[in-house]
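Now for the letters of each chain:
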Amino acid sequence: MRGRLGSGRLVAMIKVENLTRKYGAFVAVDNVSFECRPGRVTGFLGPNGAGKTTTMRIMVGLTPATSGRVSIGGYDFKDIPNPGRHVGVLLDASAQHAGRTGREILTIGAETMGLPKSRIDEMLELVSLTPAESKRRLKNYSLGMKQRLGIAHALLGDPEVLILDEPANGLDPAGIRWMRGLLKSYADRGGTVLLSSHLLNEVELIADEMVLIGNGRIVAQGDKKSLLANSAHDESLVTALDNEALATALRQRGFSVTPAGEGLRVTAQPVEVGRTAAERGIVLTDLRAAEGGLENLFLELTASTQREAPTSLQAPTPEGTVA
Amino acid sequence: MTTSTAPLTLDVSRTPAVPFLRLVRVEWRKMTDTRGGFWLLLITGILVLLTLLGVSLVGLLSDMGSTEIGFEDLYLQVMLIPVSLLVPVFAITIVSSEWGQRTNMVTFALEPSRLKVLLAKLVVAVLMAFATLVVAAICAAIANVVVAAGQDYSPSWSVDGQKLFVSVVVQVLAFVTAFGLAMCIISTPAAIAVYYIITLILPLIAYSILYFAFGWFRDVIPWLDFSYAATPFMSEFWPNGDPTTVDGLAWARLASATFLWLVVPLGVGLSRILRAEIK
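These numbers come from a predicted model, not from an experiment. Positions within a chain are numbered from 1, following the residues in the order the chain's sequence is written. In the order they appear in the text, chains get letters beginning with A and ligands get numbers beginning with 1. Given that this is a predicted model, residues contribute local features only at a pLDDT of at least 70 and side-chain atom pairs are listed and counted only at 80 or more, while totals for whole chains, interfaces and linings are drawn from all residues.

(A) Structural detail: the overall build of chain B. Working definition: helices are DSSP H or I runs of at least four residues, strands are E runs of at least two. Numbering for both runs from the N terminus. The helix and strand tally for chain B stands at 11 helices and zero strands. Ordered by position from the N terminus, the helices and strands of chain B form the series α-α-α-α-α-α-α-α-α-α-α. By its C-alpha atoms, chain B is 95 × 45 × 30 Å across when sized along the principal axes. For the exposure call, what matters is how many other C-beta atoms sit within 10 Å of a residue's own: 20 or more marks it buried, 12 or fewer exposed, and in between partly exposed, using C-beta atoms placed from the backbone. Per-residue burial over chain B gives 35% buried out of 279 residues. The contact criterion used here is simple: two residues whose C-beta atoms, placed from the backbone, lie within 7 Å are in contact. Taking as baseline every contact in chain B between residues at least 6 positions apart, the subset at least 24 positions apart corresponds to 81%.

Here is the structure:
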């Protein structure tokens, strides 16, 4: 990383301001604003078709915005000279010539950016593509290998900013862990990372901050803790020596309680459960925020955009009959 | 993230813009580093060799009597044909394959100035056109020496400057037209089909018949088709036997055909790509 980043965590490297993109009557991106800071991995989370890719394409100038603006390090992307040296971009790992080898693809990128050939081998090693694999044509790559190559391509110019669209897509669990390590250490050196995903688990693993988008609108943003704290529908898992007494006490306070394994699932934040227990002198053996709280939040926030509405699948009507 | 903060500024002082010549070099590499490019060059090479071999053999073995064939004819009438058949496809794929393979997203993320990228590609297409001219000239020179030796006369090297100029213009224009059509049409197969229909199939099948059938077509076609517009500069006779003259009218027709096949496709294609959404 060239430059003097990494110190200030309260400065924004990427600023998206009131971004809107319309296609006729359809609003793909609707007044979106968020910021990404150096030293942090920001996850851009939303279901398919929520507007993540359109937003990222606008950020790098491939799609014109209808209104609003994006600045990266104070610049419009198109005004950054030799932008590959400042902003690493991976929008679609499959969007490379299928007949080129991985090495040739990196060579073209390195030549465009004016980088020495040695950089190609460094990047191949960084993403664990062997010399033999680098000489294979892209059409023979698995999706996971394409993603690794795409990451290598994005990192070629030693940029201060990374913009990655669904980079974990197609990676196996070990690959996702590898990417988490890679992006964390990149951010620790002062880099700014924006990565998108439609899978909450991926983002939860990799990202420090989250921006949730649904139906083209930002529905929530912040780090994981503040997202959960702001959610009125937090759930806790609690186990007490006397579960019965605790359940009664919690119900009296208006929380809904259901048995879960050896304990209880409560529609309250852990702090409320703990307070209730303390007041009643009930001994707790386990108390934590329920796993999936964030998932519930995500599903709820994006509920109107989900495609999986519970409609029943009907058998096809035989031709000629009137339904 | 609600805290409003001063944006951080990238230090771009040590990164100059990507030099134009570097873009040209990269685009040349991208044109020739794929299997499609390799086969196109290989087949063209074979065609050139076969033509050279054929014309040399004919020159060596045939009884041509007193007719002497010189460099000019070998160059303009013979060797330019094999290098003109397939190579313009490069001028099409250098644009269209970026869309077909979706590498345009990578290309324009590394150089957001689409105009700069397209100009670099255009320069590569024109360089390719000149390369074909040079290859054809070298082969014509070899054939000239061989044929003259076989027929036992001293080879003629005289070339009419005007003919040479127009042949260079025709060749470069073919590449630029192909390039412009590719920008307008984007799809590789469709652009290739349209290019060959306009430059090869229509002139061979439709124009030649219409030319002899209708007087009005003889008046109109030199304004529209480049090879007819170029005829007065290349030949002493029109296809129907009328003598040609290089006058103001001939230049006006040449300008008209050039506008139609150079300026229009380039203009329409450029404005399309500069405004398009790159997906």
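Text resumes after the structure shown.
(B) Summary view of the packing of helix α8 (residues 188-213) of chain B against helix α9 (residues 215-224) of chain B. Residues and elements named next belong to chain B. Axis definition: a line fitted to C-alpha atoms, over the contacting stretch in the case of helices. Angles run 0 to 180 degrees between N-to-C directions. Packing of α8 against α9 brings their axes to within 6 Å, and their N-to-C directions diverge by 135°. The angle between α8 and α9 falls in the class oblique. In contact with Tyr207, Leu210 and Tyr211 of α8, α9 contributes Phe217, Arg218 and Ile221. Residue composition of the contact of α8 with α9, by class: five nonpolar, no polar and one charged. Convention used here: angles under 35 degrees read as roughly parallel, angles over 145 as roughly antiparallel, angles from 65 to 115 as roughly perpendicular, and any remaining angle as oblique. Residues were grouped as follows: Ala, Val, Leu, Ile, Met, Phe, Trp, Tyr, Cys and Pro as nonpolar; Asp, Glu, Lys and Arg as charged; and all remaining residues, including Gly, as polar.

(C) Summary view of the interface of chain A and chain B. Listed by partner, the interface residues are 46 residues for chain A and 33 residues for chain B. Going through the elements one at a time, β2 (26-36), α2 (102-113) and β9 (217-223) of chain A are the ones with two or more residues in the side of chain A that touches chain B. The element that contributes the greatest number of residues to the side of chain A that touches chain B is α2 of chain A, accounting for six residues. Here the residues of the side of chain A that touches chain B are counted per class, giving 19 nonpolar, 17 polar and 10 charged.

(D) Just the domain arrangement of chain A, in detail. Domain delimitation follows an automatic or database domain assignment. Structurally, chain A comprises domain 1 (14-229) and domain 2 (232-301). For domain 1 of chain A and domain 2 of chain A, the distance between their C-alpha centres works out to 38 Å.

(E) Representation of the confidence of the model for chain A. As a per-residue measure, pLDDT tells how confident the predictor is, with possible values from 0 to 100. Scored by pLDDT, chain A comes out at a mean of 88, with 87% of its residues at no less than 70. Across residues 1-9 of chain A, where pLDDT falls below 50, the model places 17 contacts with residues more than four positions away in sequence or in other chains.

(F) Examining the sheet that holds β9 of chain A more closely. Residues and elements named next belong to chain A. In short, DSSP must find at least two bridges between two strands for them to pair. The mixed open sheet is built from six strands, whose spatial order is β5-β6-β7-β3-β8-β9. Both edges of this open sheet fall to β5 (87-90) and β9, since each of them pairs with a single strand only. With strand direction ignored, the average angle separating the axes of adjacent strands in the sheet is 15°. Contacts between helix α5 (residues 143-155) and the sheet are confined to β5 and β6 (161-164), with β5 contributing the most and set at about 160° to the helix.

(G) Expanded view of the pairing of β2 of chain A. Inspection of the sheet shows strand β1 (residues 14-23) of chain A paired to β2 of chain A by seven bridges, in the antiparallel sense. Bridging across to β2 of chain A, tyrosine 23 of chain A finds its partner in phenylalanine 26 of chain A.

(H) Spotlight on the sheet that holds strand β13 (residues 284-289) of chain A. All names here are of chain A. Here four strands make up an open sheet; going across it, the order is β11-β12-β10-β13 and the pairing antiparallel. In this open sheet, the two strands that pair with only one neighbour each are β11 (257-260) and β13. In this sheet, adjacent strand axes meet at a mean angle of 25° when their direction is disregarded. Of the strands in this sheet, β10 (236-240), β11 and β12 (263-266) are in contact with helix α9 (residues 243-252), which crosses β12 at around 15°. Seen against the sheet, helix α10 (residues 270-280) touches β10, β12 and β13 and runs at an angle of roughly 155° to β13.

(I) Quick look at the nonpolar core. Definition of nonpolar core: a set of buried Ala, Val, Leu, Ile, Met, Phe, Trp, Tyr and Cys residues joined via C-beta atoms within 7 Å. Within the largest apolar cluster, 128 residues are counted, with the highest numbers of intra-cluster contacts made by Ile163 of chain A together with Ala91, Ala125, Phe179 and Ala182 of chain B. Residue contributions to this core peak at 14 residues, all from helix α6 (residues 114-151) of chain B. Formed by 11 residues, the second largest nonpolar core is a distinct cluster that contains Ala240, Leu250, Ala268 and Ile282 of chain A.

(J) Quick peek at the pairing of strand β3 (residues 41-45) of chain A. Residues and elements named next belong to chain A. Buried residues dominate β3, accounting for five of its five residues. Both faces of β3 are covered, namely the face carrying Val41, Gly43 and Leu45 and the face carrying Thr42 and Phe44. Where β3 lies against strand β7 (residues 192-197), five bridges are found, and the strand directions are parallel. Residue valine 41 lies in a different strand from β7, and its bridge partner there is valine 193. Bridging between β3 and strand β8 (residues 209-214) involves four bridges; their strand directions are parallel. Looking at the pairing, phenylalanine 44 lines up with valine 211 of β8.

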